[in-house]
Amino acid sequence: MSAEARATLLADLLAFVREPEPERFGDLARRILAWQAEALAPFGRLVETRGGLPDDWRDAPLVPTDLFRDVDLCAAPADADVEAIFRTSGTTAGRRGARRVPDLTLYHAEMEAPFVRHVLAGDRSRRPWLSLVPPLSDAPDSSLSHMVSTLAEDLADRDASRWTMTPDGLDVEATADAFAEASRAGRPVVVLTTSFALVHLLDAAPDLRAPLPEGSRMMLTGGFKGRSRALSEDDLLEALEDRLGLPAGAVVPEYGMTELTSQAYGRPLEAPPWLRLRVVDPVTQRDLAAGEEGLVACFDLLNLDNVSPILTGDLGVLDADGRLTLHGRAPGTVLRGCSLTAEELGVVGT
Amino acid sequence: MRLLALADLDRGPGRRLLEATVAMGFSAPVARAGLRAETDAWRAPGALDAVLSELPPDLPESRLPRTVLVLAAGTLPASAMRSTLLARLLGARVLVKPATGQEALAEALAAADPAVEARPFPSSDRTALRAAIAEADAVVVLGSDATVEAVRAETPADRAFVGYGHRLSVACLREVDDPALGGLARDLCAWDQAGCLSPQVAWVEGDPAEVAPRLADAVREVERDLPMSLPREAARDRLAARTLGEMTGAAIETDTALLVALPDSAFRPSPGLRTLWLLRADPDALRPIAPHLSTIGYAGRKGGAPTPDRVRVCDLGEMQRPPLAWLHDGRPNLLPMLKPAREG
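Residues numbered from 1 in each chain as written. Chains lettered and ligands numbered in written order. Predicted model: local features only at pLDDT ≥ 70, side-chain atom pairs only at ≥ 80, totals over all residues. Heavy atoms only, no water.

1. A look at the interface of chain B and chain A
Thought 1: With 35 residues of chain B in contact, the opposing surface of chain A contributes 38 residues.
Thought 2: Counting each side, the surface lost to burial between chain B and chain A is near 3100 Å², with a carbon and sulfur contribution of 60%.
Thought 3: Of all residues in chain B, B:Arg232, B:Arg236 and B:Met247 give up the largest surface area on contact with chain A, accounting jointly for 26% of the area buried on that side.
Thought 4: Close ionic contact of B:Glu246 with A:Arg50 constitutes a salt bridge, the shortest N to O distance being 2.7 Å.
Thought 5: Here chain B and chain A share 9 residue pairs in polar contact (both at pLDDT 80 or more) between them.
Thought 6: For the side of chain B that touches chain A, the element with the highest residue contribution is helix 10 (residues 235-248) of chain B, accounting for 11 residues.
Thought 7: Partitioning the side of chain B that touches chain A into residue classes produces 17 nonpolar, 8 polar and 10 charged. (Contact = heavy atoms within 4.5 Å. Buried area = accessible area lost by both parts, 1.4 Å probe. Salt bridge = Lys/Arg side-chain N within 4 Å of Asp/Glu carboxyl O. Polar contact = N/O pair within 3.5 Å; in protein donor to acceptor, adjacent residues only side chain to side chain. Helix = DSSP H or I, 4+ residues; strand = E, 2+ residues; numbered from the N terminus. Nonpolar A, V, L, I, M, F, W, Y, C, P; charged D, E, K, R; others polar.)

2. Structural notes on the confidence of the model for chain A
Thought 1: Per-residue confidence for chain A gives a mean pLDDT of 91, with 91% of residues at or over 70.
Thought 2: Confidence over residues 333-350 of chain A falls short of pLDDT 50; this stretch has 54 contacts with residues more than four positions distant or in other chains. (pLDDT = per-residue confidence, 0-100.)

3. As for the environment of B:Ser27
All names here are of chain B.
Thought 1: Note that Ser27 resides in the loop between helix 1 (12-23) and helix 2 (28-43).
Thought 2: As for Ser27 and Thr84, which are separated by 57 residues in sequence, their C-alpha atoms are 24 Å apart.
Thought 3: Filtering out sequence-adjacent residues up to four positions away, Ser27 remains in contact with Val22 and Pro227.

4. Quick word on the confidence of the model for chain B
Thought 1: Summing up the model confidence of chain B, the mean pLDDT is 94 and the portion of residues at 70 or higher is 98%.
Thought 2: We note a pTM of 0.92 for the whole complex and an ipTM of 0.91 for its interfaces.

5. Remarks on the sheet that holds strand 10 (residues 275-280) of chain B
Note: strands within a sheet are paired through backbone hydrogen bonds, in either parallel or antiparallel orientation.
Residues and elements named next belong to chain B.
Thought 1: Strands sit in the order 8-9-10-7-6-11-12 across an open sheet of 7 strands; the sheet is mixed. Edge strands, defined here as strands with exactly one partner in the open sheet, are strand 8 (250-253) and strand 12 (312-315). On average, each strand axis in the sheet is tilted by 20 degrees relative to the strand beside it, whichever way the strands run.
Thought 2: Bridging between strand 7 (residues 199-204) and strand 10 involves 4 bridges; their strand directions are parallel. Within the sheet, the bridge partner assigned to Val204 lies in strand 10 and is Arg280. (Pairing = 2+ DSSP bridges. Axes fitted to C-alpha atoms, helices over the stretch in contact; angles between N-to-C directions.)

6. Focus: the nonpolar core
Thought 1: With 77 residues, the main nonpolar core has B:Leu173, B:Leu215, B:Leu278 and B:Met337 as its most contacted residues.
Thought 2: Beyond its immediate chain neighbours, meaning those up to four positions away, B:Leu278 contacts B:Ala202, B:Val204, B:Pro208, B:Ala212, B:Leu215, B:Leu259, B:Val260, B:Ala261 and B:Leu262.
Thought 3: In terms of nonpolar packing, the next biggest core, distinct from the first, is built from 68 residues, A:Val47, A:Val71, A:Leu73 and B:Cys172 among them. (Core = buried A, V, L, I, M, F, W, Y, C linked by side-chain atoms within 4.5 Å. Buried < 20%, exposed > 50% of the residue type's maximum accessible area, 1.4 Å probe, protein only.)

7. Things to note about unusual backbone geometry
Residues and elements named next belong to chain A.
Thought 1: Following Arg267, the chain continues to Pro268 via a peptide bond in cis, the omega torsion being 5 degrees.
Thought 2: Inspection of the secondary structure assignment puts Pro268 in the loop between strand 11 (264-265) and strand 12 (275-280).
Thought 3: Even without being glycine, Ala121 reaches a positive phi, approximately 50 degrees.
Thought 4: Mapped onto the elements, Ala121 comes out in the loop between helix 5 (112-118) and strand 4 (129-131).
Thought 5: Of note in this structure, Gln285 is not a glycine but carries a positive phi near 60 degrees.
Thought 6: Within the secondary structure layout, Gln285 lies in the loop between strand 12 and strand 13 (294-300).
Thought 7: When its relative accessible area of 17% is taken as the criterion, Gln285 is described as buried.

8. Some thoughts on the environment of A:Ala60
Residues and elements named next belong to chain A.
Thought 1: Structurally, Ala60 can be placed in the loop between helix 3 (41-49) and strand 1 (63-64).
Thought 2: For the pair Ala60 and Ala98, spaced 38 residues apart in the sequence, the C-alpha separation amounts to 22 Å.
Thought 3: When residues no more than four places from it in sequence are discounted, the contact partners of Ala60 are Leu33, Pro54 and Pro309.

9. Some thoughts on the state of the cysteines
All names here are of chain A.
Thought 1: Per the counting criterion, the structure on display carries 0 disulfides over all chains.
Thought 2: Cysteine Cys74 is unpaired, with the sulfur of Cys298 as its nearest cysteine sulfur at 19 Å.
Thought 3: Residue classification places Cys298 among the buried residues on the basis of a relative accessible area of 1%. (Disulfide = S-S within 2.5 Å.)

10. So, helix 10 of chain B
Residues and elements named next belong to chain B.
Thought 1: The end-to-end C-alpha distance of helix 10, which contains 14 residues, comes to 20 Å, matching closely the 20 Å that a straight helix rising 1.5 Å per residue would cover.
Thought 2: Taken across its 14 residues, helix 10 has 11 buried, putting it largely inside the fold.
Thought 3: What helix 10 keeps buried is the set Ala235, Arg236, Arg238, Leu239, Ala240, Ala241, Thr243, Leu244, Gly245, Glu246 and Met247. (Expected span 1.5 Å × (residues − 1).)

11. Topic: the pairing of strand 8 of chain B
Thought 1: Of the pairings in the sheet, the one linking strand 8 of chain B to strand 9 (residues 258-261) of chain B comprises 4 bridges and is antiparallel in character. By the bridge assignment for strand 9 of chain B, B:Ile252 is matched with B:Leu259.

12. Concerning the side chain of A:Thr194
Residues and elements named next belong to chain A.
Thought 1: By the element assignment, Thr194 lies in strand 8 (residues 190-194).
Thought 2: A polar contact is formed between the side chain of Thr194 and the backbone nitrogen of Ala197, at a distance of 3.2 Å.
Thought 3: If we skip the residues at most four places from it in the chain, Thr194 touches Val133, Leu144, Leu220 and Thr221.

13. Digging into the packing of aromatic side chains
Thought 1: Under the definition given, this model contains 7 aromatic pairs over all chains.
Thought 2: Judged by centre distance (5.6 Å) and plane angle (50 degrees), the rings of A:Phe115 and A:Trp129 are tilted. On the criterion of sequence distance, the pair formed by A:Phe115 in helix 5 and A:Trp129 in strand 4 is long-range, its members being 14 residues apart.
Thought 3: Residue class for A:Phe115 comes out buried when judged on its relative accessible area of 1%.
Thought 4: Ring centres 5.1 Å apart and planes at 70 degrees place the aromatic pair B:Phe26 and B:Trp191 in the edge-to-face group. In this pair, B:Phe26 is assigned in the loop between helix 1 and helix 2 and B:Trp191 in the loop between helix 8 (178-189) and strand 7, connecting sequence segments 165 residues apart. (Phe/Tyr/Trp six-rings, centres within 6.5 Å; stacked < 30°, edge-to-face > 60°.)

14. Some points on the sheet that holds strand 3 (residues 116-118) of chain B
Residues and elements named next belong to chain B.
Thought 1: Pairing is parallel in the open sheet, where 5 strands are placed in the order 3-2-1-4-5. Two strands in the sheet have a free side with no partner beyond their single neighbour: strand 3 and strand 5 (160-164). On average, each strand axis in the sheet is inclined to that of its neighbour by 15 degrees, with strand direction left out of account.
Thought 2: Judged from the 4 bridges that link them, strand 1 (residues 67-71) and strand 4 (residues 138-142) form a sheet pairing that is parallel. Of the residues in strand 4, the one forming a bridge with Val70 is Val140.
Thought 3: This element, helix 5 (residues 103-112), spans strand 2 (93-97) and strand 3 of the sheet and lies at about 155 degrees to strand 3.

15. Notes on a negative patch on the surface
All names here are of chain A.
Thought 1: On the surface, a cluster of negative charge is made up of Asp234, Asp235, Glu238 and Glu241.
Thought 2: Relative to the assigned elements, Glu238 resides in helix 9 (residues 233-244).
Thought 3: For Glu238, a relative accessible area of 57% translates into the label exposed. (Patch = residues over 30% accessible without salt bridge, like charges linked within 9 Å, V, L, I, M, F, W, Y side chains within 5 Å. Areas by Shrake-Rupley, 256 points an atom, 1.4 Å probe, with all protein chains shown as cover. Lys, Arg positive; Asp, Glu negative; His and termini not counted. Charge placed at Lys NZ, Arg CZ, Asp CG, Glu CD.)

16. Details of the packing of helix 3 of chain A against helix 10 of chain B
Thought 1: Following both chains from N to C, one finds helix 3 of chain A and helix 10 of chain B inclined at 105 degrees, their axes separated by 7 Å at the closest point. On the basis of the axis angle, helix 3 of chain A is roughly perpendicular to helix 10 of chain B. For the pair formed by helix 3 of chain A and helix 10 of chain B, the contact residues are A:Pro42, A:Phe43, A:Arg45, A:Leu46 and A:Thr49 on the first element and B:Thr243, B:Glu246, B:Met247 and B:Thr248 on the second.
Thought 2: Class assignment of the residues belonging to the contact of helix 3 of chain A with helix 10 of chain B gives a composition of 4 nonpolar, 3 polar and 2 charged. (Parallel < 35°, antiparallel > 145°, perpendicular 65-115°, else oblique.)

Here you go:
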């Protein structure tokens, strides 16, 4: 498939992001699968092995996110210049996966509207941001940092914003001071944080009580990944209301990952029109009915130069409207035997 | 030894041991075959004499441990069973602390011999651990490196301590013929690839993708007698391994096993449950994992690999059948459990 064909697909995807027409999803998905099967040799071999291109995008072979650690799933040649290389945190399995992104056009086109709608409740006015996510300058290979930094350019009151995650970890004192200052200033703020950074803050600053001004919002993303104690969502929301004065409705979960271009938001999580969330049976990879727990799978139209059908390691349940509630990480293979992980053996790089 | 009553898996304590093993997640045929292999090792001609020959003829009775604490791994029963029997060979009373949820295993061992006592307690219960250690002259730990180190830290310096931590095993097919493939299939299916002695990868001469279908045929022969059900929680790891093979090499699934041929030689850990990586032969591929190696199963010429002397070398088909006198991790079996000699 030619560069011209890719350019046509890109244009069609950008048009879809601007004016989504859900009934066109299936056609776009089929064209994208055909492009990816041709442009990504490993994915092409997978499709061929599983019987060729499917008529229905739901029948496309799902690529487990782990494969980004082993295979370069990118349409661009290995020696080509790319606009970004995003890497996983590596905390689940030690090794870090990587996604090379030759072209950030789709990334930049899609990220703002869902964020504004869900996290900012539709209010695009520039407010002070307090970010416990590191800035792009400190974490150039983090897709989350890329997203938050890019959004901040357009949406944050940058002079009044604070970034308190440093290369050495969370600056607890500076973060607590920033919350206290925001509480005193009386101007609504937007807080961007991962779950583990937030719990670390609450634990490390037990005296922190800084009711944030009404209208403040929080984007909360990610699990705990063993970096802090794990807290149930109910307990975390209770602590946030108690110590930061944030009602549950102001705390908006975000679901994204290095391997995806798009993000879902809300409680339950709602995907934008270009991302389909599925819950599948771990054995058959077939869709489960609403209410049944299974593995979360995604088809992200905007993963144009990588792979669109992705199988995550998360457990979840869809409701009748296709919205997702996460149930944590899927348990892996029961550890039986004395087998070491590759990381323990020191036979893999990071 | 009374514990050899365990060899009868159809009645009495042997049956309890079989049931406890099945409760660990193994099919009855796999459990039966694995336990039989272990009891066969004890009953092999000359086996007891060979292991007892470790002891010096003038060993004073004062050095024999009166009580040995065995902390079992949650993997398969053979290692705990062997450690318990070795301690009994020294005449010691044995306290068996089972892995969480595997109390029946310790109870089965205890049912065979009044000198063996099940001592279940939560792994996080430091007080119970210290109390058990206080009763023992020797402590034997089977488990993760972290577990071994945690127990070592609790063990007073005047007690004998024997820790068996993480190890892994691999196969090298320098000749690819039917006996070699049959042996590898048996090694893969024994104990469902759990434990330190199961092959995680097989380095093969030639193209791994050409060996995979032949090995699959051999596995199909073995799995008829040794069935396994893949746990639901393992399905995703299995799919990831299969997909990697389909993307970069080849993947063949049998009723129970997954054989993945990859184009490179670098060791990679198996997700277990009969998932085997088939890699191109490369003598240097063993080097990075040499410190962690337990056993290398060979077909064809043995040895010549850059590995420590303590690494066990055997024929394919024998990987999960270590003889009684095998020096586990390169150490004698009985001497490390003796009480330290007093000077003067």
